[in-house]
Amino acid sequence: MAVEEVLRLEGVGRHYGDGDKRLDILKDANFTMRRGEMIGLVAPSGTGKSTLLHLAGLLERPDDGDVIINDRPCGTLADAERTAIRRSDIGFVYQFHHLLPEFSAIENVMLPQMIAGLGRKEAEERAGQLLDYLRVGHRGVHRPAELSGGEQQRVAIARAVANAPIILLADEPTGNLDPHTAHYVFDALEALVRQSGLAALIATHNHELAARMDRRVTLDEGKIVEL
Ligand SMILES: Nc1ncnc2c1ncn2[C@@H]1O[C@H](COP(=O)(O)OP(=O)(O)OP(=O)(O)O)[C@@H](O)[C@H]1O
């Protein structure tokens, strides 16, 4: 694997159900993502975008082939090892923020760092910097319910990168926002990805946002195809 490659799907197959009910979502799917790349995943509903993100993020295992992260084949690793790689190397952003409602914005960004072993002071400092960078620092003491949709998503992005992952996987991160806010949140996400050198795979139905990414891929009969 070339040095800058951070993620590779090699001959990945994934199906649900068996017999008459078998649904092949991915079939011999191949894909490579390099450091610093921002890739749009644009495909019709139900074709397997979330499945692909779950496989790439080690939340699901492929039925065939392998997912290789930073040179490490992950398909047959034990659950504990997959969880460790997921925690250190991968950040997730979803359509809905999934922030913990009983914690403040800054605490939501501190928690993954403290779970990873960082002290409270250091975690708070990094969380504050990230929230400032995403222009939501002034809302740090507020709980998610007190924030706007765009602010909630910016906090969720800060949380996703809190442990400095190498890969960011996002499933419709602006899908729940009005067009203006979607652009604003995407601007913040893009700036962060560009500044940190992360590799990002972002599923979106928004063609304008997809056009701003370095590459676009789609799913076609179980294959990952460049657009
Ligand atoms: N656990 C499961 N068991 C059976 N079928 C499933 C399961 N998970 C997903 N599917 C099916 O696999 C297909 C792909 O689902 P997936 O959620 O990956 O699509 P998607 O492209 O992300 O869709 P959307 O854009 O609507 O979110 C769908 O037809 C879905 O119904």
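What you see is a predicted model, and the numbers here were worked out from it, not measured in a lab.

K.L.:
Please provide a residue-by-residue account of the overall build of the chain, values included.
P.N.:
In terms of helices and strands, the chain carries seven helices and ten strands. Relative to the globule expectation of 17 Å for 227 residues, the C-alpha radius of gyration of the chain, 17 Å, shows essentially globular dimensions. Along the first, second and third principal axes, the C-alpha atoms of the chain reach 50 × 40 × 35 Å. Out of the 227 residues in the chain, the part that is buried amounts to 51%. Expressed as a percentage of contacts within the chain between residues at least 6 apart in sequence, the contacts between residues at least 24 apart total 68%. Taken as a whole, the chain presents about 10900 Å² of accessible surface, with 50% of it coming from carbon and sulfur. Across the chain, 26 positive and 34 negative side-chain charges occur, with their mean positions spaced 2 Å apart.

K.L.:
I'd like a description of the sheet that holds strand 3 (residues 38-41), backed by residues and values.
P.N.:
Ordered by their spatial adjacency, six strands build an open sheet running 6-7-8-3-9-10, and the pairing between neighbours is mixed. Among the strands making up the open sheet, the edge pair consists of strand 6 (90-93) and strand 10 (223-226). On average, each strand axis in the sheet is inclined to that of its neighbour by 20°, with strand direction left out of account. Inspection of the sheet shows strand 3 paired to strand 8 (residues 199-203) by four bridges, in the parallel sense. In the strand pairing of strand 8, G40 is matched with I202. Of the strands in this sheet, strand 3, strand 6, strand 7 (167-171), strand 8, strand 9 (215-220) and strand 10 are in contact with helix 1 (residues 49-56), which crosses strand 7 at around 155°. Along the sheet face, helix 2 (residues 79-89) touches strand 6 and strand 7 and points at about 70° away from the line of strand 6.

K.L.:
Provide a residue-level description of the packing of helix 3 (residues 105-115) against helix 4 (residues 120-133), including the pertinent values.
P.N.:
It is the contact of helix 3 with helix 4, at a shortest axis distance of 8 Å, that shows an interaxial angle of 125°. Classed by the angle they form, the pair helix 3 and helix 4 counts as oblique. For helix 3 against helix 4, the interelement crossing comes out right-handed. On helix 4, the residues touching A105, I106, E107, V109, M110, Q113 and M114 of helix 3 are R120, E122, A123, E124, R126, A127, G128, L130 and L131.

K.L.:
With reference to specific residues and values, describe the pattern of salt bridges.
P.N.:
For the coordinates displayed, the defined rule picks out 15 salt bridges. E5 is paired through a salt bridge with R8; the nearest N and O atoms lie 3.3 Å apart. By relative accessible area, E5 is classed as buried at 13%. The partner of R215 in a salt bridge is E37, with the nearest N and O atoms 2.9 Å apart. Of this pair, R215 sits in strand 9 while E37 sits in the loop between strand 2 (23-34) and strand 3, placing them 178 residues apart in sequence. Of the two residues, R215 and E37, both sit in the buried class. Because the salt bridges share partners, they merge into one network encompassing D187, E190, R194, R212 and D214.

Scoring rules and cut-offs
- Residues numbered from 1 in each chain as written.
- Predicted model: local features only at pLDDT ≥ 70, side-chain atom pairs only at ≥ 80, totals over all residues.
- Heavy atoms only, no water.
- Helix = DSSP H or I, 4+ residues; strand = E, 2+ residues; numbered from the N terminus.
- Rg over C-alpha atoms; globule rule 2.2 N^0.38 Å.
- Buried < 20%, exposed > 50% of the residue type's maximum accessible area, 1.4 Å probe, protein only.
- Contact = heavy atoms within 4.5 Å.
- Areas by Shrake-Rupley, 256 points an atom, 1.4 Å probe, with all protein chains shown as cover.
- Lys, Arg positive; Asp, Glu negative; His and termini not counted.
- Charge placed at Lys NZ, Arg CZ, Asp CG, Glu CD.
- Pairing = 2+ DSSP bridges.
- Axes fitted to C-alpha atoms, helices over the stretch in contact; angles between N-to-C directions.
- Parallel < 35°, antiparallel > 145°, perpendicular 65-115°, else oblique.
- Left-handed = near helix turned anticlockwise from the far one by under 90°.
- Salt bridge = Lys/Arg side-chain N within 4 Å of Asp/Glu carboxyl O.

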